[in-house]
Amino acid sequence: MMPARAALPCLMALCTVGIGLSAPQAQAVTIAPRPATAEEDHQRCAKQADAALRLACYDALFAPRSADPLTAPATPADVVTETTAPSVAAIPAVSPPPTSALSTFWELRRSDKRKAFVVRTYQPNFLLPLHVTSDINRQPVSPTRGAAPLRPNFKGVEAKMQVSLRVKVAEDLLLPRADLWATYTQRSMWQVWNQADSAPFRSTDYQPELKYVVPVPDGMSALPWGWSWRMVDVGFAHQSNGQSVPLSRSWNRLYAGTAFERGDLSLQVRFNRRPREGSQDDNPDLTRFVGNTELTAAWVPGLSTASLTWRLHPKNLQNGSVQLDWTYPVDSSEPQGLRWYLQLFSGYGESLLDYNHRQTSLGLGLSLFQF
């Protein structure tokens, strides 16, 4: 038993701590140890014989506290307490829809929609100063217009140029996200190197067009092997060369098409239907040569672009044409600027005047603009 004189200080201390507490609360009271002073911490670090341990001790004392509790350095004065955080289910990130060149170009998704009545480019716009053909058409012929005068000075080296624009004239027309577009394309064959005939334009084709583009609903777009069904389009096009008899050429067509996409590769199919023309048709046999079906594959792997177009008629597979187009930026840091343009064509109908004239040609130049 402790003597009364020795027990008196302990009893006073206990009473001091337990004032105002019930018995159970008083039993739960513990006295925390006195925190170390800064001087004591310095001395503790200085006593470390190992230099690395001594540096780590000082870093723990003086390193700034991180806002991230997972990366905050521990200090000697830190008191670690174990707590149980409530469980929170992770919210899955919503992935944006995959990028699509067709969707961006034809504004198929809501996020792609831009203003109407703004002029944009349509087919490639290019100037090919060097366009070499295997057989220049010096005397065009048509069943109803006869033979044109012979042009013996026409050269097999000329220039080819094309300007093509489009504008959206109606948005959300009849169907959700479906748009109506008006387009215009002009293509010229220019005898720029023919000084004997004063460098004439040998042929110029004019093609206005109305196109109704309908996006495929999201629930129907997914196809096997990573392909997506993107759009369906129908339209009307008129093409003529604006020349008088015997060089006059023209035709109208209704068409329907569709497009598919897989990553950087897209496939487009179009079927042309030519209404019956009158007896004064400039070129009644046109579709037999140029075809009534178009298959186009386009590949955009990065800075370069490539497309392959096959025009055919199921009943005359020996006719039609194949065309390859390839581009690459002149300055790779400006892919929307000037681009090198290479075009290879083989078959019938490179121009409307040449619809029944077979040739193989190679053109080299620049893609002018894209917006």
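Conventions and cut-offs
- Residues numbered from 1 in each chain as written.
- Predicted model: local features only at pLDDT ≥ 70, side-chain atom pairs only at ≥ 80, totals over all residues.
- Heavy atoms only, no water.
- Core = buried A, V, L, I, M, F, W, Y, C linked by side-chain atoms within 4.5 Å.
- Buried < 20%, exposed > 50% of the residue type's maximum accessible area, 1.4 Å probe, protein only.
- Contact = heavy atoms within 4.5 Å.
- pLDDT = per-residue confidence, 0-100.
- Helix = DSSP H or I, 4+ residues; strand = E, 2+ residues; numbered from the N terminus.
- Pairing = 2+ DSSP bridges.
- Polar contact = N/O pair within 3.5 Å; in protein donor to acceptor, adjacent residues only side chain to side chain.
- Phe/Tyr/Trp six-rings, centres within 6.5 Å; stacked < 30°, edge-to-face > 60°.
- Lys NZ or Arg CZ within 6 Å of the ring centre and 35° of its normal.

### Side note on the nonpolar core
Among the nonpolar cores identified, the biggest contains 8 residues, and these are Leu-102, Trp-106, Leu-108, Tyr-122, Trp-181, Val-213, Met-231 and Ala-259. Not counting residues within four places of it along the chain, the set of residues in contact with Leu-108 comprises Leu-102, Ser-103, Arg-177, Val-213, Pro-215, Arg-230 and Met-231. Trp-251, Leu-286, Val-290 and Tyr-355 belong to the second largest nonpolar core, which has 7 residues in total.

### With respect to the confidence of the model for the protein
Close inspection of predicted coordinates is inappropriate in any region flagged by low pLDDT. Residue-level pLDDT values for the protein average 83, and 75% of them are 70 or greater. In this model residues 66-97 is a low-confidence stretch, pLDDT under 50, and it forms 15 contacts with partners more than four residues away in sequence or in other chains.

### What about the environment of Ala-148?
Locating Ala-148 in the fold gives a position in the loop between strand 4 (146-147) and strand 5 (157-170). Sequence separation of Ala-148 and Leu-247 is 99 residues, and the distance between their C-alpha atoms is 6.4 Å. Those residues in contact with Ala-148, other than ones at most four positions away along the chain, are Gln-139, Pro-140, Pro-246 and Leu-247.

### Concerning the pairing of strand 9 (residues 250-262)
Across 12 bridges, the pairing between strand 8 (residues 228-240) and strand 9 is antiparallel. Residue pairing for strand 9: Met-231 is matched across the bridge by Ala-259. Bridging between strand 9 and strand 10 (residues 265-273) involves 9 bridges; their strand directions are antiparallel. Bridge pairing in strand 10 places Gly-257 opposite Arg-270. Turn length for the strand 9-strand 10 hairpin, with the two strands adjacent in sequence and antiparallel, is 2 residues, and the turn residue Gly-263 shows positive phi of about 65°.

### What to know about the side chain of Thr-185
The residue Thr-185 is located in strand 6 (residues 179-190) in this model. On the accessibility criterion, Thr-185 (4% relative accessible area) is buried. At 2.8 Å, the side chain of Thr-185 and the side chain of Ser-164 are in polar contact. Ignoring anything within four residues of it in the chain, the contact list for Thr-185 reads Tyr-122, Gln-123, Gln-162, Val-163, Ser-164, Asp-205, Tyr-206 and Gln-207.

### Some words on the pairing of strand 13 (residues 321-329)
Residues of strand 13 alternate between two faces, with Ser-321, Gln-323, Asp-325, Thr-327 and Pro-329 buried on one and Val-322, Leu-324, Trp-326 and Tyr-328 left unburied on the opposite face. Looking at chain direction, strand 12 (residues 305-312) and strand 13 are connected through 7 bridges and run antiparallel. By the bridge assignment for strand 13, Trp-310 is matched with Val-322.

### Looking at the packing of aromatic side chains
Applying the stated criterion across every chain yields a total of 10 aromatic pairs. Ring geometry for Trp-106 against Trp-181: centres 5.3 Å apart, planes inclined by 85°, an arrangement best described as edge-to-face. Here Trp-181 lies in strand 6 and Trp-106 lies in helix 5 (residues 101-106), a separation of 75 residues in the sequence. Accessibility classification places Trp-106 together with Trp-181 in one group, the buried group. Note on Phe-369 and Phe-371: the rings are 5.8 Å apart at their centroids and 25° apart in plane angle, and the pair reads as stacked. According to the relative accessible area criterion, Phe-369 is partly exposed, its value standing at 31%. Classification of Phe-371 as partly exposed rests on a relative accessible area of 46%. Cluster of aromatic residues (ring-pair linked, three or more members): Phe-105, Trp-106, Tyr-122 and Trp-181. Here the guanidinium or amino end of Arg-166 rests over the ring plane of Phe-105, the centre of that ring lying 3.8 Å away. Over the aromatic face of Trp-106 sits the side chain of Arg-166, whose NZ or CZ is 5.3 Å from the ring centroid.

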